[in-house]
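# Descriptive analysis of the structure
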Amino acid sequence: MDKQEIIRISVIALIIVALLNAIGMSNNIQIKWLLKLATGFSLFVVILYWKVIPYKSKLNEDNLKKFEAVGNICDPIFNLFTKLPKIKLGDSTEMNSAPLAVCGTLILILIML
């Protein structure tokens, strides 16, 4: 691991710990509901982006702009998990496990809320 990767992982860990502390200290139901809504929406966007990636070349101009805007957010997050091994689906087929790790993390956050 290089220095930048360690810093990136540290920052993400600190953000997650801060978020969990904020949730734990909050007795306000409205704040928890908003955090659940934001996490659920983020999960939906990540799954939709993950499933549309193979069809990027077939998108029309308007949808391609939206896809690239979401990609500017999702791609750096997926790049954090590039060290994870790919999942073999067959002889010549592999699946990137980064989106799966991001979705799993978001689902765990939803469960904790």
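Residues numbered from 1 in each chain as written. Predicted model: local features only at pLDDT ≥ 70, side-chain atom pairs only at ≥ 80, totals over all residues. Heavy atoms only, no water.

Moving on to the overall build of the protein chain. For the protein chain, the count of helices and strands is four helices and two strands. When the helices and strands of the protein chain are read in sequence order from the N terminus, they spell out α-α-α-β-β-α. Expressed as a percentage of its 113 residues, the buried residues of the protein chain come to 20%. Across the protein chain, the fraction of contacts at a sequence separation of at least 24, relative to all contacts at a separation of at least 6, is 52%. (Helix = DSSP H or I, 4+ residues; strand = E, 2+ residues; numbered from the N terminus. Buried < 20%, exposed > 50% of the residue type's maximum accessible area, 1.4 Å probe, protein only. Contact = heavy atoms within 4.5 Å.)

Turning our eyes to something else, we now look at helix H4 (residues 98-112). Compared with an ideal rise of 1.5 Å per residue, which puts 15 residues at 21 Å, H4 spans 21 Å between its outermost C-alpha atoms and is within 8% of the ideal. The complete set of buried residues in H4 reads Ala-98, Pro-99, Ala-101, Val-102, Cys-103, Leu-106 and Ile-109. (Expected span 1.5 Å × (residues − 1).)

On average, the protein chain scores 77 in pLDDT, and the residues at 70 or more come to 82%. The spread of mean pLDDT over the elements of the protein chain runs between helix H1 (residues 3-25), the lowest at 69, and helix H3 (residues 61-79), the highest at 83. (pLDDT = per-residue confidence, 0-100.)

Bringing the packing of aromatic side chains into the picture now. One pass over the structure, following the stated rule, counts one aromatic pair. Note on Tyr-49 and Phe-67: the rings are 4.8 Å apart at their centroids and 25° apart in plane angle, and the pair reads as stacked. Of the two residues, Tyr-49 sits in helix H2 (residues 29-52) while Phe-67 sits in helix H3, which places them 18 residues apart along the sequence. It is Lys-51 that lies over the ring of Trp-50; its NZ or CZ is 4.6 Å from the centre. (Phe/Tyr/Trp six-rings, centres within 6.5 Å; stacked < 30°, edge-to-face > 60°. Lys NZ or Arg CZ within 6 Å of the ring centre and 35° of its normal.)

Time to look at the pattern of salt bridges. Counted under the stated rule, the structure contains one salt bridge. Linking Asp-62 and Lys-66 is a salt bridge whose minimum nitrogen-to-oxygen distance equals 3.7 Å. Here Asp-62 and its partner Lys-66 are both found in helix H3, four residues apart, which amounts to about one turn of the helix. Of the residues examined, Asp-62 reaches a relative accessible area of 47% and is grouped as partly exposed. (Salt bridge = Lys/Arg side-chain N within 4 Å of Asp/Glu carboxyl O.)

Turning to the nonpolar core, a few remarks are in order. If you look at the biggest cluster of nonpolar residues, it comprises 11 residues: Leu-43, Val-46, Tyr-49, Trp-50, Phe-67, Cys-74, Phe-78, Ala-98, Val-102, Cys-103 and Leu-106. Residues contacting Val-46, with those up to four places away along its chain left out, are Cys-74, Phe-78, Val-102, Cys-103 and Leu-106. (Core = buried A, V, L, I, M, F, W, Y, C linked by side-chain atoms within 4.5 Å.)

Here the focus is H3. When the terminal C-alpha atoms of H3 are compared, their 26 Å separation across 19 residues agrees well with the 27 Å that a helix rising 1.5 Å per residue should span. The largest bend along H3 measures about 35° and falls at Asn-72, with the proline Pro-76 one to four residues further on. What H3 keeps buried is the set Leu-64, Phe-67, Gly-71, Cys-74 and Phe-78. (Bend = angle between axes of the 7 residues up to and from the residue.)

Turning our attention to the environment of Ile-107. Its place among the elements puts Ile-107 in helix H4. Along the chain, Ile-107 and Thr-39 lie 68 residues apart, while their C-alpha atoms are 8.3 Å from each other.

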